[in-house]
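Coordinates in review
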Amino acid sequence: MTKIVFVEDDPEVGSLIAAWLGKHDIDVIIETRGDQAEMVIARENPDLVLLDIMLPGKDGMSLCRDLRPKWEGPIVLLTSLDSDMNHILSLEMGASDYILKTTPPAVLLARLRLHLRQNAGTRQSTTQTASASAPRQQQAIHFGTFCIDPLNRQVTLGKETILLSTADFELLWELASHAGQIMDRDMLLKNLRGVSYDGLDRSVDVAISRLRKKLHDSATEPYRIKTIRNKGYLFAPHAWETSH
């Protein structure tokens, strides 16, 4: 049975959503405090984390930010705050989706199932590609001061070690392995997760944004991982002569 940890301090909202999802074979563990949620998530190892924003102890945005480097599953914010800025900020902090509490239950269920399917596809694809691509990944690749070592899962830029989650490392490796080539979202999702781009999934864009920040690329005019308008992303092989 699919398991979700739902961090929600309103007992009525928590019980209503848990009951609805329970009818569709999703087991919901409710935690009411943000500052206790990480411990519960580590203990339960759920398939998805559902977060309210306004929480006692630690707000949902901060929880998402702190949780993302440690946990690779989908994180969905479920909130009554209808704000474009909050929506954008949550995605920048690593959230997979931002859903309003006014969303019809059937639509909420469909979107959660989408993230669950994609996450299952990611796990399966990672397992399959790890063995299939092992010989190719024995060799580190260098671009100026930048080095990606797949054997030790280590990324360095000059003297700095860049810490990346497994998912972000795989995305970086995919881009760098095709340096100088344009990679669209559909190609990246198929190669990394084994799923097709549905026109709505922004996980690649969010991960690219995280990579740019960690690799000291420009957020407004990126030159290391470039955006090619209406086509996709391009890892620039000659943009790494300096570490900044």
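Up top is the structure these notes are about.
A short tour of the structure in this document, coming up. Everything quoted here is computed from the prediction, not taken from an experiment. (Residues numbered from 1 in each chain as written. Predicted model: local features only at pLDDT ≥ 70, side-chain atom pairs only at ≥ 80, totals over all residues. Heavy atoms only, no water.)

Notes on the overall build of the protein
Each helix and strand counted, the protein has eight helices and 12 strands in total. The C-alpha atoms of the protein give 19 Å as radius of gyration, which agrees with the globular expectation for 244 residues (18 Å, within 12%). Principal-axis analysis of the C-alpha atoms places the extent of the protein at approximately 55 × 35 × 35 Å. Across the 244 residues that make up the protein, the buried fraction comes to 43%. Excluding contacts between residues fewer than 6 apart, the proportion of contacts in the protein whose partners are at least 24 apart in sequence is 55%. Here the protein has roughly 12600 Å² of accessible surface; of this, 53% comes from carbon and sulfur atoms. For the protein, the distance from the average position of its 28 positive side-chain charges to the average position of its 32 negative side-chain charges is 4 Å. (Helix = DSSP H or I, 4+ residues; strand = E, 2+ residues; numbered from the N terminus. Rg over C-alpha atoms; globule rule 2.2 N^0.38 Å. Buried < 20%, exposed > 50% of the residue type's maximum accessible area, 1.4 Å probe, protein only. Contact = heavy atoms within 4.5 Å. Areas by Shrake-Rupley, 256 points an atom, 1.4 Å probe, with all protein chains shown as cover. Lys, Arg positive; Asp, Glu negative; His and termini not counted. Charge placed at Lys NZ, Arg CZ, Asp CG, Glu CD.)

Notes on the packing of helix H6 (residues 166–177) against helix H7 (residues 185–193)
One way to put it is that H6 packs onto H7 with a least axis distance of 11 Å and a crossing angle of 120°. Between H6 and H7, the angle is such that the two are oblique. As for the relative orientation of H6 and H7, their crossing is right-handed in sense. Residues Glu170, Leu171, Glu174 and Leu175 of H6 touch H7, and the partners they reach there are Leu188, Asn191 and Leu192. The residue makeup of the contact of H6 with H7, split by class, is four nonpolar, one polar and two charged. (Axes fitted to C-alpha atoms, helices over the stretch in contact; angles between N-to-C directions. Parallel < 35°, antiparallel > 145°, perpendicular 65-115°, else oblique. Left-handed = near helix turned anticlockwise from the far one by under 90°. Nonpolar A, V, L, I, M, F, W, Y, C, P; charged D, E, K, R; others polar.)

What to know about the sheet that holds strand S6 (residues 141–143)
In spatial order, the strands read S6-S7-S8-S9; together these four strands make up an open sheet with antiparallel pairing. Edge positions in the open sheet fall to S6 and strand S9 (160–162), since each of these has one partner strand only. For this sheet, the mean angle separating the axes of adjacent strands, direction not counted, is 20°. The sheet contact formed by strand S8 (residues 154–157) and S9 spans three bridges and is antiparallel. Along S9, the bridge assignment pairs valine 155 with isoleucine 162. Relative to strand S7 (residues 146–149), H6 is tilted by about 115°, and along the sheet it contacts S6, S7 and S8. (Pairing = 2+ DSSP bridges.)

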